[in-house]
Amino acid sequence: MQPSPMYRIRRLFFAGLFLLTLVFVPRAASAAVAKAATRRPPVRGVPTFADSTLGDIATYDDPVVRQAAIAGLGHYNGSVVAIDPNTGRVLSIVNQKLAFSSGFIPCSTIKPVIAVAALEESVITRDTMIKVAPRLYLNLVEALAHSNNAFFEELGRRMGFDTVSHYARMLGLGELAGYNLPEEQPGAFPSEPPKNGGVARMSSFGEGIQITPLQLASLVSTVANGGTIYYLQYPRSEAEVANFQPRIKRRLEIESLLPDIRDGMLAAVLYGTARLSYLGDEQALGKTGTCSDSASRVGWFVSYADQVHPKIVIAVLMRGQGRVVTGPMAAQLAGRIYRRLDDENYFDKKSTLEKPNLSATASH
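Residues numbered from 1 in each chain as written. Predicted model: local features only at pLDDT ≥ 70, side-chain atom pairs only at ≥ 80, totals over all residues. Heavy atoms only, no water.

> Help me understand the overall build of the protein chain in this model?
Of the regular secondary structure elements, the protein chain holds 13 helices and nine strands. Here the protein chain, with 364 residues, has 52% of them falling under the buried criterion. With the model as given, the accessible surface of the protein chain reaches about 17700 Å², and the carbon-plus-sulfur share is 55%. (Helix = DSSP H or I, 4+ residues; strand = E, 2+ residues; numbered from the N terminus. Buried < 20%, exposed > 50% of the residue type's maximum accessible area, 1.4 Å probe, protein only. Areas by Shrake-Rupley, 256 points an atom, 1.4 Å probe, with all protein chains shown as cover.)

> Looking at this model, I keep getting lost on unusual backbone geometry. Mind explaining?
Glycine aside, residues mostly have negative phi angles, and peptide bonds mostly take the trans form. A cis amide bond, omega -10 degrees, links A305 with the succeeding residue D306. Mapped onto the secondary structure, D306 falls in the loop between β8 (297–305) and β9 (312–320). One non-glycine residue, S122, lies in positive phi territory at about 60 degrees. Structurally, S122 is set in the loop between α4 (111–120) and β3 (130–133). We note that N345 has phi near 60 degrees; this positive angle belongs to a residue other than glycine. In this structure, N345 sits in the loop between α12 (327–343) and α13 (346–352).

> It is not clear to me how the side chain of T326 should be interpreted in this structure. Could you clarify?
Mapped onto the elements of the fold, T326 is located in the loop between β9 and α12. Of the polar contacts made by the side chain of T326, one reaches the backbone nitrogen of M329; its length is 3.1 Å. (Polar contact = N/O pair within 3.5 Å; in protein donor to acceptor, adjacent residues only side chain to side chain.)

> I tried to follow the pairing of strand β7 (residues 284–292) on my own but got confused; where do I start?
Walk down a regular strand and you will see the side chains alternate between the two sheet faces. Summarising burial for β7: seven of the nine residues are buried, a large majority. As defined by bridge partners, β7 adjoins β8 across nine bridges and the pair is classed as antiparallel. If you follow L285 over to β8, its bridge partner there is Y304. Here β7 folds back onto β8, and the loop between the two strands holds four residues. (Pairing = 2+ DSSP bridges.)

> Mind showing me how you'd approach the environment of P182 here?
Considering the arrangement of structural elements, one finds P182 in the loop between α7 (161–170) and α8 (198–205). The exposure class assigned to P182 is exposed, which follows from its relative accessible area of 69%. Sequence spacing of P182 and F100 is 82 residues, and the spatial spacing of their C-alpha atoms is 9.3 Å.

Rendered as structure tokens:
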């Protein structure tokens, strides 16, 4: 008996449906798997990327410096503080919330502090060689250039906690850097050696210390200008801009120690950990720092340009979970800022300005 035409049609319909299932269902499944594989997992903790300008009030920032800082930082989660080392004036703060926070571990940016202490205490000279590996000895300049932890751990052990603490506090750690900045916090400096590694780890990457971008910028301004610690002032009105006067917190007799530290910071830029910031003619000197705190990775770079006539200090802080968050990457971001400023002829304009009256009375 021959099957009816309706029966044959039904068979053809279900056979076609079966073939369509064989072809398209695996494709749909594969597409779903691919989509799931490319979907970014949710970020836990501190993100690596963010809009770091949210909430900033920057009406009276130097517009050229601010735009260069924003462009240099890009989409990274971080902060940039730029100041004039000859007056203490804050030129711009990108991500004011982060800059005015309670502080972060300084990582290897603590090393210039340890270098000042060791030179002043005659623990080392520029040419002192310290063993840092079975067949490797370094002097101060090379140790700063390559941010060698073993070198500075040894300096910390030789000096002891009390001596290191004295010089760190003298240089502004653990105290407010600014004048009349109600949002600012003083960071923190321990009253005893940290349990994790003691004074050695504290001297190599700042174990137990909390430092703010403002404090770090102030510290390197002191290195840049020869030993004067200015109160950082952040003008926030037309009157404050028009009537700005430098305020000196204290003067330190460290000028004779600074050439060795500056040479180490220059070597870091020329061939060391900060070489990604290299500028060419308008050369900056700087120090990187890379480590982690309980919440995220931390990358620092603090620098100034130029060595003979310091014009600007820039502190860059990065935070996040990605491996890109490092001191060398922060140095690269700073290099972008300097190049943008150079393109805007910022350094030429600054060099034509009169230097401020440095006879300002000390403020306490």
